[in-house]
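# Structural features, examined
Residue-level listing of the chains:
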Amino acid sequence: MARPQVFVARRIPDAGLQLIEAECDVEVWPKRLPPSPEILREKARSCVGLVSLLTDRIDAALLDAAPKLRVVSNFAVGVNNIDLAAATARKIPVGNTPGALTDATADIAVTLLLAAARRLGESSLDARAGRWLTWEPLGWLGRDLAGRTLGVVGMGRIGFATAKRLHGGWGMKVLYTARQPKPDADRELGARHVDLETLLAESDFVSVHADLNPTTKGMFGAAEFAKMKRTAVFVNTARGPHVDQPALANALRTGTIFAAGLDVTEPEPLPPEHELYSLPNCVIAPHIASATVDTRNAMATLCARNLLAGVKGERLPHCVNPAVYETQ
Ligand code: GLV
């Protein structure tokens, strides 16, 4: 019997690729940069299964060009690159990789928070550039973490793991926003469910973990930065478009807030000439939150399981549009 045809839009770890290759005819996009939308559409034309990355736009045009497609398995937890309504309308289940990257992403949120609070990027560059003249009582003064207040915007798995680290390690008080109060966070972390306005006004550190959708896009603009403390540190490990970047750059330049740590930007990659790189109080990482060996292996395994279930017509272990399984 013919094996199902699958396109994998970038080389992923063997932990997942080998599972797919054991059961399918696989073409892997071999280049470092993503396939263009035209190429992706062409590749999807004859496929039963598609492994996509957050850099691949999966929209109605692509889905319409792929009449045999039975599953899209995204190698990511976020699925904002996929038009879910279009996939659902065509009864195509979409898989993602929740849980696998929770710890690694929380680690990067804490890393960026510390780096921004303690001016690590700036002082390290100064040292390399010969601006480390002596031990200075007033040099590179940052912000303490112990006992301060953390504001978690979006208390899902990753927000919780970040808060757990900062509450457990530094005794931070935790405020959070979420669609619903989270009893686990209240109980385990003594956290308090508040509105965004209260969170911005009371937090020393604001860490973004909300998913990107039309209601969260651009949610951090000039008005939000103005509500934050002048000593506040802003961290984003979720998605770049949550933030109005010119407003953030202005807030960092004018001292409206103290510093920022970003793992995500808009666009990605952020061009080297972008203003945010020139601001000493902005630490930028190239979207590396899930970039550990074990985490990427775990993501690849989940991604393969979703794909294989989909090509066999079985329910995906992690499906973000379960409405496809409703009858009628
Ligand atoms: C990474 O950003 C992901 O959504 O997995």
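Residues numbered from 1 in each chain as written. Predicted model: local features only at pLDDT ≥ 70, side-chain atom pairs only at ≥ 80, totals over all residues. Heavy atoms only, no water.

## Considerations on the domain arrangement of the protein
The criterion, for reference: For the domain bounds, the source is a domain assignment made automatically or taken from a database. Residues are treated as being in contact if the distance between any of their heavy atoms lies within 4.5 Å. As used here, buried area is the combined drop in accessible area, with a 1.4 Å probe, of two parts when they are placed together. Criterion for a salt bridge: a side-chain nitrogen of Lys or Arg within 4 Å of a carboxyl oxygen of Asp or Glu. When residue character is reported, Ala, Val, Leu, Ile, Met, Phe, Trp, Tyr, Cys and Pro are called nonpolar, Asp, Glu, Lys and Arg charged, and the others, Gly included, polar.
Domain assignment breaks the protein into domain 1 (5-100 + 293-326) and domain 2 (102-284). With 8 residues of domain 1 at the interface, the matching set in domain 2 holds 5 residues. Among the residues domain 1 hides against domain 2, the three largest losses belong to Leu-54, Asn-80 and Gly-99. Together they make up 59% of the total. Applying the counting criterion to the domain 1 and domain 2 interface returns 0 salt bridges. Class assignment of the residues belonging to the side of domain 1 that touches domain 2 gives a composition of 4 nonpolar, 4 polar and no charged.

## A look at the packing of aromatic side chains
Here is the rule: Stacked, edge-to-face and tilted are the three classes for Phe, Tyr and Trp ring pairs, Trp counted by its six-membered ring, which pair at centre distances within 6.5 Å; planes under 30 degrees apart are stacked, over 60 edge-to-face, the rest tilted. Burial status follows relative accessibility: with a 1.4 Å probe on protein chains alone, a residue under 20% of its type maximum counts as buried, one over 50% as exposed, and anything between as partly exposed.
Evaluation of the coordinates by the stated rule reveals 3 aromatic pairs. Look at Phe-220 and Phe-225: their rings are 6.3 Å apart centre to centre, the planes differ by 35°, and that puts the pair in the tilted class. Given the relative accessible area of 1%, Phe-225 is considered buried. Judged by centre distance (5.3 Å) and plane angle (85°), the rings of Phe-225 and Phe-234 are edge-to-face. For the pair formed by Phe-225 and Phe-234, the shared burial category is buried.

## A look at the side chain of Ser-123
Using the following cut-off: Secondary structure elements follow DSSP: runs of H or I of four or more residues count as helices, runs of E of two or more count as strands, with numbering from the N terminus. Pairs of N or O atoms within 3.5 Å make up the polar contacts considered here, provided that, within protein, one atom can donate a hydrogen while the other can accept it, and that residues adjacent in sequence are counted only when both atoms are side-chain atoms.
By the secondary structure assignment, Ser-123 is in helix α6 (residues 120-128). Polar side-chain contacts of Ser-123 include one of 3.3 Å to the backbone oxygen of Leu-120.

## Concerning the site of the ligand
We count it as follows: Nearness is defined per residue: one heavy atom within 4 Å of the molecule or strand is enough. Each accessible area value is a Shrake-Rupley result obtained with a 1.4 Å probe; residue values ignore everything except the protein chains displayed when judging cover.
Around the ligand, the structure places Leu-54, Ala-76, Val-77, Gly-78, Leu-101, Arg-239 and His-287. With respect to the ligand, the side chain of Arg-239 contributes an N or O atom lying 2.7 Å from an oxygen atom. Protein chains bury 89% of the 190 Å² of accessible surface belonging to the ligand in isolation. A breakdown of the residues in the shell around the ligand according to their chemical character gives 4 nonpolar, 2 polar and 1 charged.

## So, the environment of Phe-75
Residue position: Phe-75 is located in the loop between β4 (71-74) and α4 (84-89). The buried category is assigned to Phe-75, whose relative accessible area is 10%. Spatially, the C-alpha atoms of Phe-75 and Leu-54 are 7.3 Å apart, while their sequence positions differ by 21 residues. Not counting the four nearest positions on each side in its chain, Phe-75 is found in contact with Ile-12, Pro-13, Ser-52, Leu-53, Thr-97, Arg-296, Met-299, Ala-300 and Cys-303.

## Brief notes about the pairing of strand β9 (residues 205-208)
For clarity, the threshold we go by: The pairing criterion for strands is at least two bridges between them, as found by DSSP. Here a crossover is taken to be right-handed if, once the strands point away from the viewer, the path from the first strand over the helix to the second is traced clockwise.
Both faces of β9 are covered, namely the face carrying Phe-205 and Ser-207 and the face carrying Val-206 and Val-208. Bridge count between strand β6 (residues 149-153) and β9: 4 bridges; the pairing is parallel. Residue Leu-150 lies in a different strand from β9, and its bridge partner there is Phe-205. With 4 bridges connecting them, β9 and strand β10 (residues 233-236) associate as parallel partners. Following the sheet pairing, Val-206 is matched in β10 by Phe-234. One crossover worth recording links β9 to the parallel β10 by way of helix α10 (residues 222-227), and it is right-handed.

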